[in-house]
Amino acid sequence: MGSGGVVLLILLGALGWALIGVLGRVAGWRAGRPAKVDWLAGLLALPRRYLVNVHEVVARDRYASTMHVMAAGGLVLALLLLVLVHGFGIASPWLAWPLLLACGLTLLGAERVLRRRTDRPPRLSGGRWNRFGWAIGGFALGLAWFTLPAAGVMADPGLFHPASLVFAALLAWSAFELADGLAHGPMRHALAGALNLVAHPRAQRFSADRPVAAIHPIDLDAPKLGVETPQDFTWNRLVMADACVACGRCEEQCPAFAAGQPLDPKFVIRAVAMAQAADHVDDRHYAGRRWPGLEGRVGEGGAARPLVADGGLIPPAALWACTTCRACVEACPMMIEHVDAIIDLRRFQTLELGAVPGKAPAALAELAASDNIHGRAAARRMDAFVDLDLPLLREVKSTDLLLWLGDGAFDPRGQCAIRAFVQVARHAGLELAVLGEEELDTGDLARRLGDEAQFQRLAEANIATLARYRFRRIVTTDPHVLNSLRNDYPAMGGHYEVVHHTAVLLELALAGRLQFQPSDGQGAFTYHDPCYLGRWNGEFEAPRRLLDLLGEGRVEMARHGKTARCCGGGGGAPLTDIPGPRRIPDMRMADAKATGADTVVVACPNCAVMLDGVTGDYPAVAEVAELVLARLAVPAERVVA
Amino acid sequence: MAEIVALLSAGCHPETGRLRPAAGDAAALALGLALCASGHRLIGLHAGPADDALRVYAGFAAFDLVRLDLPAEADALPAILPWLAERHPALVLAGARAEQGAGTGLLPYALAQAMGAACIPEVAGVEELAERVTLVQALPGGRRRRLAAPAPAVLVAAARAAPPSGWAYARALRARTVPVTVQEPAATPAWRSEPARPLARPVRRIRGGAAARMAAATSFTAGKGQLLVQPPPDEAARVILAYLEAEGLLRS
Amino acid sequence: MSARPRRDPHAERARATRVGPAGRARRILGDVAPAAPVRPRRDPHALRTAAVPGPAGRMRLDPHGGELLAHMPSLAAPGAEQPIVVERPACLILAVLDLPGGRLEGSDLGLLAAARDLADRLEGAVLALTLHGRPDLGRLGVDRHIALDLPDRWDPAAALSVLGTVLADHAPAHILFAETPLLGADVARRLAAATGLPAAFAVHRLEPDEIRARGAGLDLVGPPPPIMTLHEVLLADRPEPVLREARPVAVAVRPDAGLIEDLGEVPVDLTGAPLAEADLIVSAGDGVTDWPAFHALAARLNATVGGSRQVCDRGLLPRDRQVGASGTLVAPRAYLAFGISGAPQHLQGIERCQRVVAVNTDLHAKMIERADLAIVADAQAVMPALQTLLEQRRHG
């Protein structure tokens, strides 16, 4: 028997081993809820999704991207050639030499993998991932040895040559390590990752020109609402969890993690992956960072056990610390949707258990009885704007631009922004109408707190109201409202063109309908991206261009745009109020201070409240519309109210 | 184990007037649910025309729900009494005042009178329930007092007590109520009722016409405020202590 | 009051104006008789000097109408005053006082004022019932007084049996209670349930022919029933300090043993209790640096801990301890402020405190101005002294 035969033997054995493992894993996925998947479109789009969407994220870390091209590219190439050379026994140098080159490339990649492991950043998981480089390298090395005869470099030394024995052992170990890893270890990301790209539950995110960030509605008549155990996830979300490479880019971006709150988006996803495979499992072997503040905690779970519980794999506080800012999703190279998973888990906690912490239950109770979280009568929404004489849609029946007041109408800070926008819009000759007391909360907060029932009730009521009137566009100062109406309402049957007030102001300014005073050249702005305008809706430019038109110097915080840090005000986090050693808004104001700017410009009532609440020596907080109003070429007091 | 009945009335949101769990009754329910956890059986009793009023409470936990079918305006007491007499519950829990209608807060007292039971207001927690019920009563200023009374007893939940936590939509949705047909009581002569308007701030009435009011508005009161500038600490401490003692606020 | 005649320009102008035939008013110049003074001119300075401050006292503008000035016995004519006696009243108004802890509270005075008012309008007499003490009610508008010395504990059954006797002996037309939890509100409902008499609770308008009682989102309107409890808006009033007879009336009582057994107060650590319901608050501001002493004092007094916004912002106290417009609005019986200068938001938060004691190093701090007992001293010195004194009291 030639030494090449042993390669075939080892590979067939490993393949068999892998097959057994993968079938077991597939059985686990199939235990999940069914999902509608367009297989053909997914398969056809796979190369594009991989080479464009995944690459775009991976390439943000140059080292990792080079490493991955070498190791993965080399390995895939080597496996393809291996089938020809060793599988079909085609001992042509024309195939053997490329195979040797592929092995060499893999070895270089493996070296980079190992180099990163020796000085491992804390965000990376250890454990089996630490052996991964050795396995790839060992596989490439062993394969290369047995390919040398085919390349004509040396004569076949025979299987019982001591070197051949050593390399055979190396190849066997590494092949089985990789094969086993396909189901239970690092290699799983390749299989599950590819499948995740094909059967992604949010397939639109790969094709749309701006993020499609709708949260999926659920059937409220279902026997179980939301997700309790891993098996309650749809199967493709289980695949998604298995795709995680434990790179920890999400936890690096997570504001709650940075604040020391017990949330680690990576651990949430790993917990789902960990629990779905077994009847009973605990997280003692988890090799990443632990939940902040709960380092000594041991969680237990299983495929049919609750994920979120005091002794479960995910501590309840982790669920409620999330601000739904989507920074983790944006950072994930495997296209994992952490926020969707958290919302699914929250739904069960809220709708089935009623286990919502902090002031959130009171807010939801008020929402149920008064359609806003403050418990005010519907007419009170207009209280702060009586002097503006805003036409009511109920009276004028149709309008070009419908102003959605949102929750900001109940908060002094939000009221200022709305007033400023109305004044500027009127100055530019824009006519607005409002729904007044017919406007209800959009249900955005309820949905993010997992109260899907209230969201659907409010959405249906609002859609029924809007159906009675004619309008071209809806404008709002609140990105949460914008996101809700634009992304969440279509699934409920409401299709509207929704714009943020910064976009409208930019339109007006570009059309020459707003003239600004020349800048006095003092002080610089830094713009804080609201998560729901930026990451959720891809609008980064309009507010920035508007500020540039004002002519002040604009500086950027280190984290801005897609990687902007949240103010801490999203997802109901101020209501659930999970304690941590630091506060998210404090960290954001420190970011702002580090730029040297003396004004932080915000474009969201929640951001305004959160950042304004930070005491100490920090830049001033100003809303875009207020700045525009203050800088109009006509003195502000002469602007028609 | 003993049977406990919580009287649950239709709540009313103060600003919108919409149905919600009445705050006082929810607090009473919280007392009942705490007892439920130690093995007693809890029945939520509502006298009214529709299930919705009961359903809003069902979201808090799973417990039995009974509705006595009565028109909204009818007096609940004549309907509740025979039902209670039949069941002999060990405890009846109620909120301090209803959020709709007259809201006199008299019902628990009348109920206790008719049952020959003790009525205890401002109950913050029930410690033990057997032949006797041992409970903790909330006093002003956050203090507590322990009381005991023979069962059956009527307990009125403390106005400031916390409502139960954990309202869940699915529980409310899936709750089943047991409707009980009762004889409609004869209408009692009612008070004339008018919509309530906000009350003026409590003020002291000045008697003796405009001159007296003017005098009152511009008069000075001496000796009400007392000022010590840089006294020795002991002296300051003594004065403060004497002050608190006069107010009856020294508890130790 | 000064004797300087007071000119009334409005009256002078009215006299000098004649209406012409065309209906047009015209002013007559010249000889217009000077008007007699309408009423003597009030000299605020004289008033001010009359209100002589006590040795350590300070003068203050009192928006509630000089309550203490009016009640000071020294201002009334000494000795010679004869009490008003009502010999044959048309009816009796029974006022059941709370007397919590044996002290007359504001709500008791308010109740007596309302009872007096009703009695005057019905030409009746006020019969006051005090179960746990014999305060002097002579200047509080009381004609008859039943004073008992029942043990000072919560015993609704005893109150009910006494009331039964009083009702049988005196047949009052109306029985008034204050709507105070566990006290008037409780006894009134027990009485209504036991006797079956018509009752109205939380009455906020009390006229001899019509009353208004606050229901749930509505007002109940009707003639005054025998049993009434008074809403707090009626309890801010005070009786006129006219000397009345307050004739002691004896009543033979055998209080029944009730079903409820009092097992005594449960020790509760109130330092972390909700601020909104606390009745003794010790609060810390920027001037407090000795935090162990502050917390020890709070624990010793068993007082609820509060703090200014600055202190909570810096994390020295949890956020739920913040007193003020943006924190909790508090209404304790006494508020001890250590090292708080008194930002406007903080003063808003303590608007409803009954008594404020302030310890601060700055004489001109707003808090010192607001305080009923103001001590200009370092909190770090006063807190340990207070602690020592409390320890001595306990042991001595």
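In this text the structure is predicted, and so the values were computed from the model without any measurement. Within any chain, residue numbers begin from 1 and follow the written order of that chain's sequence. Working convention: letters from A go to chains and numbers from 1 go to ligands, in the order in which they are written. In view of the model being predicted, local features appear only for residues whose pLDDT reaches at least 70, and side-chain atom pairs are presented and counted only at 80 or more, with totals across whole chains, interfaces and linings using the full set of residues.

Help me understand the overall build of chain A, please; the structure alone is not making it clear to me.
The helix and strand inventory of chain A stands at 26 helices and ten strands. Its C-alpha atoms give chain A a radius of gyration of 28 Å, within 12% of the compact-globule value 26 Å for 641 residues. Taken along its principal axes, the extent of the C-alpha atoms in chain A is 95 × 55 × 45 Å. Within chain A, the fraction of its 641 residues that count as buried is 52%. Taking as baseline every contact in chain A between residues at least 6 positions apart, the subset at least 24 positions apart corresponds to 78%. Numbering of helices and strands runs from the N terminus, with a helix taken as a DSSP run of H or I at least four residues long and a strand as a DSSP run of E at least two residues long. Only C-alpha atoms enter the radius of gyration, while the globule expectation follows 2.2 Å times N to the 0.38, with N the number of residues. Residues are called buried when their C-beta atom has 20 or more other C-beta atoms within 10 Å, exposed when it has 12 or fewer, and partly exposed otherwise; all C-beta atoms are positioned from the backbone. Two residues qualify as a contact pair if the distance between their C-beta atoms, derived from the backbone, is within 7 Å.

Honestly, the nonpolar core in this entry has me stumped. Any pointers?
Most often, soluble globular proteins keep nonpolar side chains buried together rather than apart. To define a nonpolar core, we join buried Ala, Val, Leu, Ile, Met, Phe, Trp, Tyr and Cys residues through C-beta atoms within 7 Å and take the resulting set. With 322 residues, the main nonpolar core has Leu 93 and Ile 120 of chain B together with Ala 95 and Leu 176 of chain C as its most contacted residues. If near-sequence neighbours (up to four positions away) are discounted, Leu 93 of chain B is found in contact with Ile 4, Ala 6, Leu 7, Ala 28, Leu 31, Gly 32, Leu 155 and Ala 157 of chain B. Leu 275, Val 311, Phe 338 and Val 357 of chain C belong to the second-largest nonpolar core, a separate cluster that totals 49 residues.

Just checking my understanding: could you explain the interface of chain B and chain C for this structure?
A common way to express how large an interface is: the accessible area buried when the components associate. The interface is formed by 77 residues belonging to chain B together with 87 residues belonging to chain C. Mapped onto the side of chain B that touches chain C, the elements with two or more residues apiece are helix 4 (107–115), strand 5 (118–129), strand 7 (144–150), strand 10 (192–195), helix 6 (209–218), strand 11 (220–229) and helix 7 (233–246) of chain B. When residue character is reported, Ala, Val, Leu, Ile, Met, Phe, Trp, Tyr, Cys and Pro are called nonpolar, Asp, Glu, Lys and Arg charged, and the others, Gly included, polar. A class-by-class count of the residues in the side of chain B that touches chain C yields 41 nonpolar, 18 polar and 18 charged. For two strands to pair, DSSP has to find at least two bridges joining them. Alignment of strand 10 of chain B against strand 10 (residues 218–222) of chain C, held across four bridges, turns out to be antiparallel. Its bridge partner being in strand 10 of chain C, Glu 194 of chain B is matched across the sheet by Asp 219 of chain C.

I'm lost on the domain arrangement of chain A in this one. Help?
Entries for chain A in the domain assignment read domain 1 (3–198), domain 2 (212–353), domain 3 (371–509) and domain 4 (515–638). Between the C-alpha centres of domain 1 of chain A and domain 3 of chain A the distance comes to 53 Å. For the purposes of this description, domain bounds are those given by an automatic or database domain assignment.

Would you mind showing me how to read helix 21 (residues 501–510) of chain A here?
Since there are 3.6 residues in each turn of an α-helix, residues three or four apart along the chain are aligned in direction. Residues and elements named next belong to chain A. Residues of helix 21 that are buried: His 501, Thr 502, Ala 503, Val 504, Leu 505 and Leu 506. Tucked into the core, helix 21 has its buried residues touching helix 17 (412–427), strand 5 (470–476), strand 6 (498–500), helix 22 (541–550) and helix 26 (624–630). Positive backbone phi, at 75°, marks Gly 512, one or two positions downstream of helix 21.

Sorry, what's going on with the packing of helix 7 (residues 291–301) of chain C against helix 11 (residues 379–395) of chain C here?
Helix-helix packing is characterised by the crossing angle of the two axes and by the distance between the axes. Residues and elements named next belong to chain C. Every axis corresponds to a line fitted to the C-alpha atoms, with the helix fit spanning only the stretch in contact, and the corresponding angles, defined between N-to-C directions, vary from 0 to 180 degrees. Axis separation between helix 7 and helix 11 bottoms out at 9 Å; the angle between their running directions is 35°. In the packing of helix 7 onto helix 11, the handedness of the crossing is left-handed. Together, Ala 293, Phe 294, Ala 296, Leu 297 and Arg 300 of helix 7 and Met 383, Pro 384, Leu 386, Gln 387 and Leu 390 of helix 11 make up the contact between the two elements. Two helices that cross are described as forming a left-handed crossing if the nearer one is turned anticlockwise from the farther one by less than a right angle, and a right-handed crossing if clockwise.

Any chance you could explain the pairing of strand 11 (residues 227–230) of chain C here in plain terms?
Walk down a regular strand and you will see the side chains alternate between the two sheet faces. All names here are of chain C. Every second residue of strand 11 is oriented toward a common face, with Ile 227 and Thr 229 on one face and Met 228 and Leu 230 on the other, all of them buried. Here strand 7 (residues 174–178) pairs with strand 11 via four bridges, running parallel. Opposite Ala 178, over in strand 11, you have Leu 230 as the bridge partner. With three bridges connecting them, strand 8 (residues 199–206) and strand 11 associate as parallel partners. For Ala 200, the partnering residue across the bridge sits in strand 11 and is Met 228.

What's the story with the pairing of strand 3 (residues 398–404) of chain A in this structure? I'm lost.
For strand 3 of chain A and strand 5 of chain A, the ladder comprises six bridges, and the chain directions are parallel. Paired with Ser 398 of chain A across the bridge in strand 5 of chain A is Arg 470 of chain A.

I'm lost on the environment of Val 272 of chain A in this one. Help?
Residue and element names in this part refer to chain A. The topology assignment puts Val 272 in helix 11 (residues 265–276). By the C-beta count within 10 Å, which is 27 here, Val 272 ends up buried. Sequence separation of Val 272 and Pro 122 is 150 residues, and the distance between their C-alpha atoms is 21 Å. Among residues more than four places away in sequence, those in contact with Val 272 are Pro 230, Phe 233, Ala 241, Leu 307 and Ala 341.

Even after reading the chapter, I still don't get unusual backbone geometry, so can you show me in this structure?
In most cases, non-glycine residues show a negative phi, while peptide bonds are predominantly trans. In this model, Ala 151 of chain B is joined to Pro 152 of chain B through a cis peptide bond whose omega is -5°. Its location among the elements puts Pro 152 of chain B in the loop between strand 7 and strand 8 (153–157). Positive phi, close to 50°, is recorded for Asp 577 of chain A, a residue that is not glycine. For Asp 577 of chain A, the location among the structural elements is in the loop between helix 23 (573–576) and helix 24 (584–594). At His 88 of chain B, a position not held by glycine, the phi torsion is positive, near 50°. Along the chain, His 88 of chain B falls in the loop between helix 3 (77–87) and strand 4 (91–94).

Explain the sheet that holds strand 8 (residues 553–555) of chain A here, please?
Two pairing modes exist for strands in a sheet, parallel and antiparallel, and in both the strands are linked by backbone hydrogen bonds. Residues and elements named next belong to chain A. If you trace the four strands from one edge of the open sheet to the other, you get 8-7-9-10, paired in parallel fashion. The open sheet has two edge strands, strand 8 and strand 10 (620–623), and neither has a second partner. Adjacent strand axes in the sheet meet at a mean angle of 35°, parallel and antiparallel pairs treated alike. Bridging between strand 7 (residues 524–527) and strand 8 involves three bridges; their strand directions are parallel. Its bridge partner lying in strand 8, Ala 524 is registered against Gly 553. Together, strand 7, strand 8 and strand 9 (599–602) form the strand contacts of helix 22, whose direction differs from that of strand 7 by roughly 175°.

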